[in-house]
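Observations on the model geometry
Here's the letter readout for the chains.
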Amino acid sequence: MNITSLYLTDSKNKIIPCDFNISEEAGHYRIGFSAKKNAVLKEAVLFSGAHGFSADTAFYGDGYQKLTQYKGTIGRNHSFTGYSDKGHYKMPQTDGFKTVYNYALFGKGENTVLIGAASCNRFRTEIRVNKTQLQIVQCLEDLAFEKGEKIRLEDMVILKGERNAILKKFADIICRNHPVKKYCEMPVGWCSWYCIGPDISEKDIFDNLEVIKQKTPELKYIQIDDGFQPFMGDWLETSDKFSRPMKDICRDIKKAGFEPAIWLAPFIASQKSRLLKEHPDYFVQDESGKPLCCEGITFKGWRDAPWYMLDGTNPNTQKFIYDTVYEIYHNWGVKYFKLDANVWGALPFGNRYDKNATAVEAYRRGMEVFWNATGEDAFILGCNAPMWPSLGLVTGMRVTNDVIRNVRHMANLSEQCFNRNWMHGRLWVNDPDCLIMNDTVSPVMDPAGITHKSLVSKKFYRLNNAYIRASGGMVLSGDYVSKYGKTEIDRLQRILDTDYIAAEFDDRLEIGTKETANGTEYFIFNRTKLIKKYKISIPNGCGVTDLYANKPIPVKKKKIKLNLLKNDCAWFKIAKR
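In short, a report on the structure. Not measured: the values here are computed from a predicted model.

Observations regarding the overall build of the protein chain
- Assigned secondary structure in the protein chain consists of eleven helices and 32 strands.
- Here the C-alpha atoms of the protein chain give a radius of gyration of 24 Å, agreeing with the 25 Å that 2.2 N^0.38 yields for 577 residues.
- Taking the principal axes of its C-alpha atoms as reference, the protein chain extends roughly 70 × 60 × 40 Å.
- Relative to its 577 residues, the protein chain shows a buried fraction of 60%.
- Taking contacts inside the protein chain between residues at least 6 apart in sequence as the whole, the part at least 24 apart equals 73%.
- When the accessible surface of the protein chain is split by element, carbon and sulfur atoms take 48% of a total near 22,600 Å².
- Side-chain charges of the protein chain comprise 81 positive and 68 negative groups, with the mean position of each set lying 7 Å from the other.

Regarding helix H10 (residues 458-471)
- The first and last C-alpha atoms of H10 sit 20 Å apart over 14 residues, in line with the 20 Å expected at 1.5 Å per residue.
- Judged by how many residues are buried, H10 sits mostly within the fold: eleven of 14 residues are covered.
- All of the buried residues along H10 are Phe 460, Tyr 461, Leu 463, Asn 464, Asn 465, Ala 466, Tyr 467, Ile 468, Arg 469, Ala 470 and Ser 471.
- Downstream of H10 by one or two residues, Gly 472 has phi in the positive range, about 75 degrees.

Describing the packing of helix H9 (residues 407-419) against H10
- In the contact formed by H9 and H10, the axes pass within 9 Å of each other and the chain directions differ by 10 degrees. With respect to H10, the element H9 is oriented roughly parallel. Here Val 407, Met 410, Ala 411, Leu 413, Ser 414, Cys 417 and Phe 418 of H9 come into contact with H10, specifically with Lys 459, Phe 460, Leu 463, Asn 464, Tyr 467, Ala 470 and Ser 471.
- Here the contact of H9 with H10 is built from residues that sort into ten nonpolar, three polar and one charged.

Some thoughts on the sheet that holds strand E27 (residues 519-525)
- Taken in spatial order, the six strands make up an open sheet running E25-E26-E27-E32-E29-E30, and their pairing is antiparallel. Each having just a single partner strand, strand E25 (504-505) and strand E30 (551-552) make up the two edges of the open sheet.
- Inspection of the sheet shows strand E26 (residues 511-516) paired to E27 by six bridges, in the antiparallel sense. Counted as the bridge partner of Lys 514 is Glu 521 from E27.

Considering the pairing of strand E12 (residues 133-145)
- With ten bridges connecting them, strand E5 (residues 39-50) and E12 associate as antiparallel partners. Residue pairing for E12: Gly 49 is matched across the bridge by Leu 134.
- Alignment of strand E11 (residues 125-129) against E12, held across five bridges, turns out to be antiparallel. Of the residues in E12, the one forming a bridge with Val 129 is Leu 134.
- The turn joining E11 and E12, which pair antiparallel and follow one another in sequence, is formed by three residues.

Quick notes on the environment of Asp 340
- Among the secondary structure elements, Asp 340 is positioned in the loop between strand E20 (336-339) and helix H8 (359-373).
- The spatial distance from the C-alpha of Asp 340 to the C-alpha of Val 40 is 33 Å, given a sequence separation of 300 residues.

Observations concerning the sheet that holds strand E23 (residues 429-431)
- The eight strands lie next to each other as E23-E22-E21-E20-E17-E16-E15-E24, forming an open sheet whose pairing is parallel. Edge positions in the sheet fall to E23 and strand E24 (475-477), since each of these pairs with one other strand and no more. Across this sheet, the average inter-strand angle for adjacent strands is 25 degrees, counted without regard to direction.
- The pairing of E20 with strand E21 (residues 379-382) spans four bridges and is parallel. Within the sheet, the bridge partner assigned to Phe 337 lies in E21 and is Ile 380.
- Strands in contact with helix H4 (residues 202-215) are strand E15 (188-191) and strand E16 (221-224); relative to E16, the strand with the most contacts, it is inclined by about 160 degrees.

Here we look at H9
- Between its first and last C-alpha, H9 extends 19 Å over 13 residues, near the 18 Å set by a 1.5 Å rise per residue.
- Burial analysis of H9 places twelve of its 13 residues in the buried class, the great majority of the element.
- Where H9 is concerned, the buried positions are Val 407, His 409, Met 410, Ala 411, Asn 412, Leu 413, Ser 414, Glu 415, Gln 416, Cys 417, Phe 418 and Asn 419.
- Two or three places before Arg 408, at the opening of H9, Asn 406 has a side-chain oxygen 3.0 Å from that residue's backbone nitrogen.

A short note on the nonpolar core
- Core analysis: the largest hydrophobic core is formed by 179 residues, its most contacted members being Ile 224, Ile 262, Trp 344, Trp 388, Trp 422 and Trp 428.
- Of all hydrophobic cores here, the second largest spans 14 residues; its members include Ile 524, Ile 536, Ile 538 and Cys 542.

With respect to a positive patch on the surface
- Judged by side-chain charge, Lys 533, Lys 535, Lys 556, Lys 557, Lys 559 and Lys 561 come together as a positively charged surface patch.
- Within the residue set of the positive patch, elements represented by two or more residues are strand E28 (532-537) and strand E31 (559-564).
- Note that Lys 557 resides in the loop between E30 and E31.

Examining the state of the cysteines
- Within this structure, the stated rule accounts for zero disulfides.
- Cys 293 takes part in no disulfide bond, and the closest cysteine sulfur, belonging to Cys 294, lies 6.3 Å away.
- Of all cysteine sulfurs, the one in Cys 417 lies closest to Cys 569, which takes part in no disulfide; the gap is 13 Å.

Examining the packing of aromatic side chains
- Under the counting rule described, the total for this entry stands at 33 aromatic pairs.
- A ring pair is formed by Phe 170 and Trp 422, whose centres lie 5.6 Å apart and whose planes are at 25 degrees; its orientation type is stacked. Of this pair, Phe 170 sits in helix H2 (residues 163-177) while Trp 422 is found in the loop between H9 and E23, placing the two residues 252 residues apart along the sequence. Across the pair, Trp 422 and Phe 170 agree in class, each one buried.
- Between Trp 235 and Trp 263, the ring centres sit 5.8 Å apart and the planes meet at 70 degrees, which makes this aromatic pair edge-to-face. Here Trp 263 lies in strand E17 (residues 259-264) and Trp 235 lies in the loop between E16 and helix H5 (246-255), a separation of 28 residues in the sequence. Comparing Trp 235 with Trp 263, the two get one shared label, buried.
- Site record: aromatic cluster; members linked through ring pairs are Tyr 60, Tyr 103, Phe 170, Trp 388, Trp 422 and Trp 428.
- Just above the ring of Trp 371 sits the side chain of Lys 181; from NZ or CZ to the centre is 4.4 Å.

Considering the environment of Thr 68
- Residue placement: Thr 68 occurs in the loop between strand E6 (58-62) and strand E7 (69-73).
- The buried category is assigned to Thr 68, whose relative accessible area is 0%.
- As for Thr 68 and Asn 331, which are separated by 263 residues in sequence, their C-alpha atoms are 37 Å apart.
- Leave out the neighbours within four places in its chain, and Thr 68 touches Asp 62, Gly 63, Ser 79, Thr 81, Tyr 83, Ser 84, Asp 85 and Arg 420.

Definitions and limits used
- Residues numbered from 1 in each chain as written.
- Predicted model: local features only at pLDDT ≥ 70, side-chain atom pairs only at ≥ 80, totals over all residues.
- Heavy atoms only, no water.
- Helix = DSSP H or I, 4+ residues; strand = E, 2+ residues; numbered from the N terminus.
- Rg over C-alpha atoms; globule rule 2.2 N^0.38 Å.
- Buried < 20%, exposed > 50% of the residue type's maximum accessible area, 1.4 Å probe, protein only.
- Contact = heavy atoms within 4.5 Å.
- Areas by Shrake-Rupley, 256 points an atom, 1.4 Å probe, with all protein chains shown as cover.
- Lys, Arg positive; Asp, Glu negative; His and termini not counted.
- Charge placed at Lys NZ, Arg CZ, Asp CG, Glu CD.
- Expected span 1.5 Å × (residues − 1).
- Axes fitted to C-alpha atoms, helices over the stretch in contact; angles between N-to-C directions.
- Parallel < 35°, antiparallel > 145°, perpendicular 65-115°, else oblique.
- Nonpolar A, V, L, I, M, F, W, Y, C, P; charged D, E, K, R; others polar.
- Pairing = 2+ DSSP bridges.
- Polar contact = N/O pair within 3.5 Å; in protein donor to acceptor, adjacent residues only side chain to side chain.
- Core = buried A, V, L, I, M, F, W, Y, C linked by side-chain atoms within 4.5 Å.
- Patch = residues over 30% accessible without salt bridge, like charges linked within 9 Å, V, L, I, M, F, W, Y side chains within 5 Å.
- Salt bridge = Lys/Arg side-chain N within 4 Å of Asp/Glu carboxyl O.
- Disulfide = S-S within 2.5 Å.
- Phe/Tyr/Trp six-rings, centres within 6.5 Å; stacked < 30°, edge-to-face > 60°.
- Lys NZ or Arg CZ within 6 Å of the ring centre and 35° of its normal.

In structure tokens, the structure reads:
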């Protein structure tokens, strides 16, 4: 399979004459075009034809944003995360095909084929499949292009080989186009959302900070999540739940020897916000020239909704983002920003200030403002973000849905994360969401605005803790740390004793390993519906430790035996001799 079938279409799917130029080296394609006449173009089709795979070929595809991933076979696949791009965000898609974004994997083991975009500066890439046909498309969003204008499309790759090996090669090629952002230190800390939710107060923050200082001072970053602001969009104002401005609270966190971290949703504002009322021109517009409401065109938002989308191409909007971030970084003393709901900055709906900018360009221009307003020591985390449009513009990336205290959901999160373990340390720092060690829970919402009940058990804690460790990513406690006893603190110390390298898993995402200075760590997740027995060979003379329970596992005849229930896991280390 090669990128050979090249043509442009307009909004009526009429083929527009053009000249393509293409170069290829070791499966890496660089592509450009120039139209032979002035035209409004819908998409550039890079391949359209029979894919040659059988319908039962294993298939994985990524979503446009972090909430969605697809798996199954070419003939029968679905989103296993509970969300789809078309269903949740109403992304436009082509009838007769399943559409995935950014990259897709066909087959398994040594015979895996990867098709993917190696850049995302201007256009989103769609990979459309059905039982027999494949289309590789870059969306031009009905923009006007002039005759002879030279347009650079996004780089593409087609790679074949062992799954983990070609994903590493894919990451290397991506980083040539989008160098990874460096960071001063891996954020380790505490997040207010999962134990307090949006009803956070100054007392909550400092009660937890005092306990953290006494029990777990390693949790250096104190992340103040959603709820400190009066309304979405009014980020420099403080809710009446606080008696002092957030600037003073952040400064006091620094005086206590910790680092304040702040949650923002920079591309949305609520209907009640001062921002929307005073500056309606900052927003993506509807056909009548008024701010476009998210409700009705996409998901309306999960809290303080309905939301409106800020326009990253508008210079006034860019100045608003710059001034907000500059104040928080330079005057509040915040180096760590958790940016949520980012995908609303990159949705292809409405009219923008720059009529010839794509949704990807609008988002990237807005994100570049963050780096202009901060310094080299900033850590910028993308959450609920468009994945590939964020390349090179975030330090960290949430790669899963939110943690919910529920075993089945937690097992699903591990599958979401491990499919993206290859990105960690290559494209950005992976954020697997929060570490949970006790059942104190606030009524917080998921990304659809639904509040879930807490259904915790020892199995849940084992899943969550092993999953965080196997991700190799950030570690933020989502608990009231005051509830931690010696057992939880000791386990936290074991989790934090890490090189922050992700485990590498098999095709089933069932058995993963990572090499450490002291031995090999194993992560086994039973993804079947039955009890499953595992036998692991142990080198002669090596000891085995259950790292969750911190106790030895008996070795008999150079093997250990494990019986895992459905949705259960094991985390252990085989020590070096």
